[in-house]
Amino acid sequence: MNDRLNLTAGAAPAPAFEAFSWVSPEAAAANDQELLQAVCAARDVAHGAALVLAMLEREEIDDSGADEEGRPLPKLFSSVERGNLQRFAIASLQLLGERADAIIDRVNTRAGKQAET
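Procedures and definitions
- Every chain is numbered independently, its residues counted from 1 as its sequence is written.
- Residues qualify for local features only when their pLDDT is at least 70, as the model is predicted, and side-chain atom pairs are given and counted only at 80 or more; totals for whole chains, interfaces and linings, by contrast, use all residues.
- Each side-chain value is derived from all of the structure's non-hydrogen atoms; neither hydrogens nor water enter the calculation.
- Helix and strand assignments come from DSSP, with helices taken as H or I runs of at least 4 residues and strands as E runs of at least 2, each series counted from the N terminus.
- Per-residue accessibility, obtained with a 1.4 Å probe over protein chains only, is compared with the maximum for each type, and a residue is labelled buried under 20%, exposed over 50%, and partly exposed between these values.
- Only the protein chains shown count as cover for residues, with accessible areas throughout obtained via the Shrake-Rupley method and a probe of 1.4 Å.
- The term salt bridge refers to a pairing of a side-chain nitrogen on Lys or Arg with a carboxyl oxygen on Asp or Glu at a separation within 4 Å.
- For every residue, the pLDDT score states the predictor's confidence, bounded by 0 at the bottom and 100 at the top.
- The contact definition used throughout considers only heavy atoms, calling two residues in contact when any of these lie within 4.5 Å.
- Axis definition: a line fitted to C-alpha atoms, limited for helices to the stretch in contact. Angles are taken between N-to-C directions and run from 0 to 180 degrees.
- Put simply, angles under 35 degrees are roughly parallel, angles over 145 are roughly antiparallel, angles from 65 to 115 are roughly perpendicular, and the rest are oblique.
- For a crossing to be left-handed, the near helix must be turned anticlockwise from the far one by less than a right angle; the clockwise case is right-handed.
- Each residue gets one label: Ala, Val, Leu, Ile, Met, Phe, Trp, Tyr, Cys and Pro are nonpolar, Asp, Glu, Lys and Arg are charged, and the others, such as Gly, are polar.

A.B. asks: I tried to follow the overall build of the protein chain on my own but got confused; where do I start?
C.D. replies: Each helix and strand in the protein chain was counted, giving three helices and zero strands. Counting from the amino terminus, the protein chain carries its helices and strands in the arrangement α-α-α. The proportion of buried residues among the 117 residues of the protein chain is 12%. Here the protein chain has roughly 9,300 Å² of accessible surface; of this, 60% comes from carbon and sulfur atoms.

Here it is in structure tokens:
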């Protein structure tokens, strides 16, 4: 029987929707939520940006490709789309870096306050 629908006496039903997480609920409960969310976001941004940049690089490498009749292969992206994807990757990585800096500062501030006590 589906645990989400199992209504035992006094138990609240589990939510019908839970957002995807790289971390299990058990691990999340035992750790700093803000740090875990940042690490999961960092993973998604890093892998997404890497994929975008790899696609752009591959298109550059394949630029000299031709079909069986010698016609140039069509571009995967227009120059406008390439620019959009490059700026997307840049902005994503800048935001990721800023978030990491903020967390590092907060952790160092906490450590300093704990050392003072």
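A.B. asks: Help me out: how do you make sense of the pattern of salt bridges in this one?
C.D. replies: One side chain can pair with another of opposite charge once the charged atoms of both are near each other. Throughout the structure, instances matching the rule amount to four salt bridges. Across the salt bridge formed by Arg 82 and Glu 59, the nearest N and O atoms sit 2.7 Å from each other. Taken together, the residues span a long stretch of sequence, with Arg 82 in helix α3 (residues 79-116) and Glu 59 in helix α2 (residues 33-61) at a distance of 23 residues. Classification of Arg 82 by relative accessible area gives buried; the value is 14%. With relative accessibility at 6%, the residue Glu 59 sits in the buried group. Its salt-bridge partner being Glu 69, residue Arg 71 comes within 3.1 Å of it at the nearest N-O pair. Each of Glu 59, Glu 60 and Arg 82 takes part in a single network of salt bridges with overlapping partners.

A.B. asks: Can you help me understand the confidence of the model for the protein chain in this one?
C.D. replies: Parts of the model with low pLDDT should not have their predicted coordinates read in detail. With 83% of its residues at a pLDDT of at least 70, the protein chain reaches an overall mean of 80. In this model, residues 1-7 is a region of pLDDT below 50 whose contacts with residues beyond four sequence positions or in other chains number six contacts.

A.B. asks: Could you clarify how one ought to interpret the environment of Gly 97 in this entry?
C.D. replies: Residue position: Gly 97 is located in helix α3. Residues Gly 97 and Ala 42, spaced 55 residues apart in sequence, show a C-alpha to C-alpha distance of 8.9 Å.

A.B. asks: What exactly am I supposed to notice about the packing of α2 against α3 here?
C.D. replies: Between two packed helices, the angle of one axis relative to the other and the distance separating the axes together describe the packing. It is at 9 Å that the axes of α2 and α3 come closest, and there the two elements cross at 155°. When the interaxial angle is binned, α2 and α3 end up roughly antiparallel. The handedness of the crossing between α2 and α3 is left-handed. Residue classes in the contact of α2 with α3 are distributed as 15 nonpolar, three polar and seven charged.

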